[in-house]
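# Working through the structure, step by step
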4 protein chains.
Amino acid sequence: MTDIEIARQIKLKHINDIAAQLGIGIDQLVHYGKYKAKLPLDLIDEEKVKKSKLVLVTAMSPTPAGEGKTTVSIGLSQGLNRIGKKTCVVLREPSLGPVFGIKGGATGGGYSQVLPMEDINLHFTGDIHAVERAHNLLAALIDNNLQSKKRSLNLDPRQIFFKRVMDMNDRSLRKIVIGMGGTGNGIPRETGFDITVASEVMAILCLSKSIKDLKERLGNIFIGYTMDQQPIYARDLKAQGAMAALLRDAMQPNLVQTLEGYPAIIHGGPFANIAQGTNTVIATKTGLSLADYVVTEAGFGSDLGAENSSISSAKVQAYRPV
Amino acid sequence: MTDIEIARQIKLKHINDIAAQLGIGIDQLVHYGKYKAKLPLDLIDEEKVKKSKLVLVTAMSPTPAGEGKTTVSIGLSQGLNRIGKKTCVVLREPSLGPVFGIKGGATGGGYSQVLPMEDINLHFTGDIHAVERAHNLLAALIDNNLQSKKRSLNLDPRQIFFKRVMDMNDRSLRKIVIGMGGTGNGIPRETGFDITVASEVMAILCLSKSIKDLKERLGNIFIGYTMDQQPIYARDLKAQGAMAALLRDAMQPNLVQTLEGYPAIIHGGPFANIAQGTNTVIATKTGLSLADYVVTEAGFGSDLGAENSSISSAKVQAYRPV
Amino acid sequence: MTDIEIARQIKLKHINDIAAQLGIGIDQLVHYGKYKAKLPLDLIDEEKVKKSKLVLVTAMSPTPAGEGKTTVSIGLSQGLNRIGKKTCVVLREPSLGPVFGIKGGATGGGYSQVLPMEDINLHFTGDIHAVERAHNLLAALIDNNLQSKKRSLNLDPRQIFFKRVMDMNDRSLRKIVIGMGGTGNGIPRETGFDITVASEVMAILCLSKSIKDLKERLGNIFIGYTMDQQPIYARDLKAQGAMAALLRDAMQPNLVQTLEGYPAIIHGGPFANIAQGTNTVIATKTGLSLADYVVTEAGFGSDLGAENSSISSAKVQAYRPV
Amino acid sequence: MTDIEIARQIKLKHINDIAAQLGIGIDQLVHYGKYKAKLPLDLIDEEKVKKSKLVLVTAMSPTPAGEGKTTVSIGLSQGLNRIGKKTCVVLREPSLGPVFGIKGGATGGGYSQVLPMEDINLHFTGDIHAVERAHNLLAALIDNNLQSKKRSLNLDPRQIFFKRVMDMNDRSLRKIVIGMGGTGNGIPRETGFDITVASEVMAILCLSKSIKDLKERLGNIFIGYTMDQQPIYARDLKAQGAMAALLRDAMQPNLVQTLEGYPAIIHGGPFANIAQGTNTVIATKTGLSLADYVVTEAGFGSDLGAENSSISSAKVQAYRPV
């Protein structure tokens, strides 16, 4: 049987029942249909976080049978639950791009899957959409400033390093010229689109501990240089407030279930090639607050994974993107 | 008091209570938190649709006090409910672009608002995100075919008329050159981004009666010409299946409430300047199936509104975009 | 026999002999090989100009046999010479573009040709090359100012209307984006190439009466607008001196011969579609100073030709390009 | 006194007198005014070439006083002439770009100059113009083939490596997008302009021994790849005939004089950074045929200069551009 055939055989539990396993009341859930819910930030209990165990799964490459970090993490959390350990698996959200590409979805395989698979692989609860909107709002503000008569920031159109993002395998957007077509359409310049999970906004979302923290980090995003070689940040455009408003719901972790009906939290997905490659700090802490064991995975190589674990275990003091 | 101050004074009813006013059971709802829900397509009852009354509100321009089509529609539906007529207002979804621009949101004003205002004005239930993804997936497939060694469709890079979309006021994307940077990045060509609500996918979503109908209409999207001047459609790229998968949830109408706690369905929002400028046919029919009176609005001028009403009253046989 | 076969049968006279027909001494000639020479500006005698007769040939379209303005002008001047009238034909220089295109060269046909045909049709004495260099020097100065740290002229990259030129049928250069590739390569902007004969520099060369006049007219070339909508001219870049230096030799009219060995002056070739469409004022005046009759042609339609004749007869007071 | 003041003090000899020093008859000259002439190819005498002495001047960098390869070569040839050795200096033509840039002209300095300086530094006898036209004609043919309905060569627009050239310091043309604006204007693609002396056509002109040899070498210019990764050459576009026609006059070496009135041949100027960095083989051979000693210079470093000398001494069998 294929992964999808296995998944479709399963009768999913209502998300209220999954929440109950973690001691979460129905009223605390923000439902997204019957099988997905967002969790409020106030579930985090810093004392409990310290007491619970965090198991990090990392690896260099999957086995030929396809057993990789995600599959092992899900399987391990299911096994721990079966032997009576209150366990939650905490994972990254899949990007849409690979779903339609060669890599396929990222919800595990065989009997180690998180469900509902199709929802998680497509729009899920809209977190990646929100990251994309917040990111592209900043980009639009940059070009708006550049073309305004006053050009209050004196930006150099050749030295704007903040690109746009789209959650799509669309190589033809990697390198583009924008702002063409005359005075109504901005200033011509070279730029490009990255995939959304490579957005610095995604990396920031995954590291932020609160909306206040989020806003501050968003304000620190480096945009580019002025004609006089002065650095410009998102805060110079007063962009962080509107960006944070767009990310308000996306800050909340998402609760789903494993194939065997145990709780799984899936939240955040920074691109491992260029960023920390692990789920949100909030998700890990929420898991540690609600379960005695959290199984998580990180990296796209064991070395990076181990390094990132120190991030996911919430001990990171600062985040400085290259 | 400003609109937002009025809105914040209100204690919202649970969406279950709103649904109950229309006779919808809790199990039939797809909850998006406590105050929004999607409605299943099988609530439509064609016999009931014929019996209910459809009130169309249209106008050329708002009054100086800001009373326009949306405000009047909401107020009228509230009044009808107060005098004991089982009424549902059915409206378009607002686009994100104008929210951050001069026009502001589109959830009414004063005591004629639909709520929760911020949710509706930002991501809502993700319908516009889904339209954008489906649209841009087709765009990515076009450029992928163009750059492939075989170029099976023999597309002329100068005659591709299907652009990309983004739900953002971002004029610098209106006219761009893509596919630059060498053989890995597609074929250079001129194109641009429209706002998402101007997408033909949005227009199609609003006219489709079923997933099957949706797929067929998506397949009929005209893309451009080959080097031999032959027209190419989305179906030539076999794009409609994946596009429809991305639109599955977006097909379901969204239930919210008016400021006075009466039911409101908000679904679909094609750009009135270039498309039919009215909510989905499914939303209107769902309203007519559940209430005795449906108040809806259309157009961005009374003539266009009246013409569009014939579309929204579901009597349209064919849709042919220019 | 084809035009070229007829031309090759002819034994050309030495240019010294042609000059002698007009009373020009060998020392006054600037030789370009044996069959071409440039004439000094001081041959112009304003008194004689007034006394000589100027015959203007114009027409709407050639006969099916190919007899057009050029052919008639050459033939008429040969006939006048044969009946003893001291006559010089004065014509425009051909552009290289059409030589390799459909239109072919512009040296007449049959027994009404100017020779040496290949030289005249290709580089001739370098006048068009010089116009192109002077024009493109100004273009380079514009982009240099635009990208400099000071941007002393505050030019708006979207409102620079002065393009570049190339004497080539090269449609792919009509609309381009330049200044790409980073800070070393200028500021990105949309522009294009026209054919060299459409250059305003060519139009100016044809109207200028002296180097001083030339410089002043070059300085008046309109370039575009600043970010504050102020107009900018070539003189703001102090470009006119270097441009005039490049045009010094091009100011001198070129002496060649007709197929029957009578004098022909060929000088300047503004694109009739957008400019005055007649040879230089200096050439006409030189002809009128040396011969009793000058036959010239103008326009690419009889109405335009007649209107232009007033220009070529040197009575124009002002020249204002659109 | 500055170089130009020294130059202007000199009363130039007529080019006929310079030619006489080398035993060239007036009828063999192609005059370009009184002080420049082109020399026919049949002056080359292979037997005499073998007997004469070729002195190569090369160096790493000039002295602080500005004495470099050119200055030393001119001075040495003047000295040899003064002590009675029949000597001709043979040099490269200067590019226009540096004349208006920081580097200034390339006609020597002090009392070691070649004259007439301004002519040589600006258009000279049009050789560089001709190289540019021939080069850009090929470029236009490439884009014409690319956009034609048949696309007979199946060229990949991303893999065309033959750029355009312009004899101008114009950095904003280094990296451009062409072919924009719709079906009438070619196919969009990235390309750029090099300076004309960096053209492979210039390198070829300097190595060719005859028009036949020139045509063959021009036909061998590599253009780029097809969509199927097959290499395409200029001969596939049948471009070499028209290109050679444009280069006919440019094949002939140019005779001028040194400041002391001795003969100097100046012909060809390939960009030393990327090509052979020495004058034409024809010019060196013409010098060796007419004088007993030829002083020439090469390279932009002594190592490259020495290596290039083997090229300039006409022993090269093949030329293979990188």
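As shown above, the structure is provided for reference.
Residues numbered from 1 in each chain as written. Chains lettered and ligands numbered in written order. Predicted model: local features only at pLDDT ≥ 70, side-chain atom pairs only at ≥ 80, totals over all residues. Heavy atoms only, no water.

### Points about the pairing of strand 15 (residues 263–266) of chain A
All names here are of chain A. Of the two faces of strand 15, the one holding Pro263 and Ile265 and the one holding Ala264 and Ile266 are both buried throughout. Examined bridge by bridge, strand 4 (residues 87–91) and strand 15 share three bridges and lie parallel to one another. Bridge pairing in strand 15 links Leu91 to Ile266. Relative to strand 15, strand 14 (residues 254–258) runs antiparallel, the two being bridged by four bridges. Residue Val256 lies in a different strand from strand 15, and its bridge partner there is Ala264. Hairpin geometry of strand 14 and strand 15 is characterised by an intervening segment of four residues between the two adjacent antiparallel strands and by a positive phi of about 85° at Gly261. (Buried < 20%, exposed > 50% of the residue type's maximum accessible area, 1.4 Å probe, protein only. Helix = DSSP H or I, 4+ residues; strand = E, 2+ residues; numbered from the N terminus. Pairing = 2+ DSSP bridges.)

### Section: the interface of chain A and chain B
The partner chain B presents 45 residues to the 45 residues of chain A that form the contact. Of the roughly 4000 Å² buried between chain A and chain B, counting both surfaces, carbon and sulfur atoms make up 60%. Remark: the boundary between chain A and chain B carries eight salt bridges. Every element with two or more residues in the side of chain A that touches chain B is listed here: strand 1 (30–31), helix 6 (117–121), helix 7 (127–147), strand 8 (164–166), strand 9 (176–178) and helix 10 (240–247) of chain A. (Contact = heavy atoms within 4.5 Å. Buried area = accessible area lost by both parts, 1.4 Å probe. Salt bridge = Lys/Arg side-chain N within 4 Å of Asp/Glu carboxyl O.)

### Let's talk about the pattern of salt bridges
Within the structure shown, the criterion is met by 77 salt bridges over all chains. One salt bridge in this structure joins Asp292(C) and Lys48(C), with 3.2 Å as the shortest N-O distance. With a gap of 244 residues between them, Asp292(C) in the loop between helix 11 (281–290) and strand 16 (293–297) and Lys48(C) in helix 3 (residues 46–51) connect regions that are remote in the sequence. For Asp170(C), the salt bridge goes to Arg164(D), with nearest N and O atoms at 2.9 Å.

### Some points on the side chain of Ser52(D)
Residue and element names in this part refer to chain D. With respect to the secondary-structure elements, Ser52 resides in the loop between helix 3 (46–51) and strand 3 (53–57). Given the relative accessible area of 10%, Ser52 is considered buried. Among the polar contacts listed, one links the side chain of Ser52 to the backbone oxygen of Ala291, at a separation of 2.9 Å. Apart from residues lying up to four places away in sequence, Ser52 is in contact with Leu288, Ala291 and Asp292. (Polar contact = N/O pair within 3.5 Å; in protein donor to acceptor, adjacent residues only side chain to side chain.)

### Section: the environment of Asp292(A)
Residue and element names in this part refer to chain A. For Asp292, a relative accessible area of 35% translates into the label partly exposed. Sequence spacing of Asp292 and Thr87 is 205 residues, and the spatial spacing of their C-alpha atoms is 5.9 Å. Not counting chain neighbours up to four residues away, the residues in contact with Asp292 comprise Lys48, Ser52, Lys53 and Lys86.

### Thoughts on the packing of helix 7 (residues 127–147) of chain B against helix 10 (residues 240–247) of chain B
Residue and element names in this part refer to chain B. Running from amino to carboxyl end, helix 7 crosses helix 10 at an angle of 165°, the nearest separation of the two axes being 8 Å. Compared by their axis directions, helix 7 and helix 10 come out roughly antiparallel. Considering the relative orientation of helix 7 and helix 10, their crossing is right-handed. Residues Ala130, Val131, Arg133, Ala134, Leu137 and Leu138 of helix 7 lie in contact with helix 10, whose contacting residues are Ala242, Met243, Leu246 and Leu247. Looking at the contact of helix 7 with helix 10 residue by residue, the classes come out as nine nonpolar, no polar and one charged. (Axes fitted to C-alpha atoms, helices over the stretch in contact; angles between N-to-C directions. Parallel < 35°, antiparallel > 145°, perpendicular 65-115°, else oblique. Left-handed = near helix turned anticlockwise from the far one by under 90°. Nonpolar A, V, L, I, M, F, W, Y, C, P; charged D, E, K, R; others polar.)

### What about helix 8 (residues 200–207) of chain D?
The element helix 8 of chain D is largely enclosed, with a buried count of eight among its eight residues. For helix 8 of chain D, the capping residue at the N-terminal end is Ser199(D), with a side-chain oxygen 2.8 Å from the backbone nitrogen of Val201(D).

### Re the pairing of strand 6 (residues 112–115) of chain D
Residue and element names in this part refer to chain D. Along strand 6, one buried face is formed by Ser112 and Val114 and the opposite face, lined by Gln113 and Leu115, is buried too. Bridge analysis of strand 5 (residues 108–109) against strand 6 gives two bridges, and the strand direction is antiparallel. Bridge assignment links Gly109 to a residue of strand 6, and that residue is Ser112. Hairpin connection between strand 5 and strand 6: a loop of two residues separates the two successive antiparallel strands, and Gly110 in this loop has a positive phi of roughly 60°.

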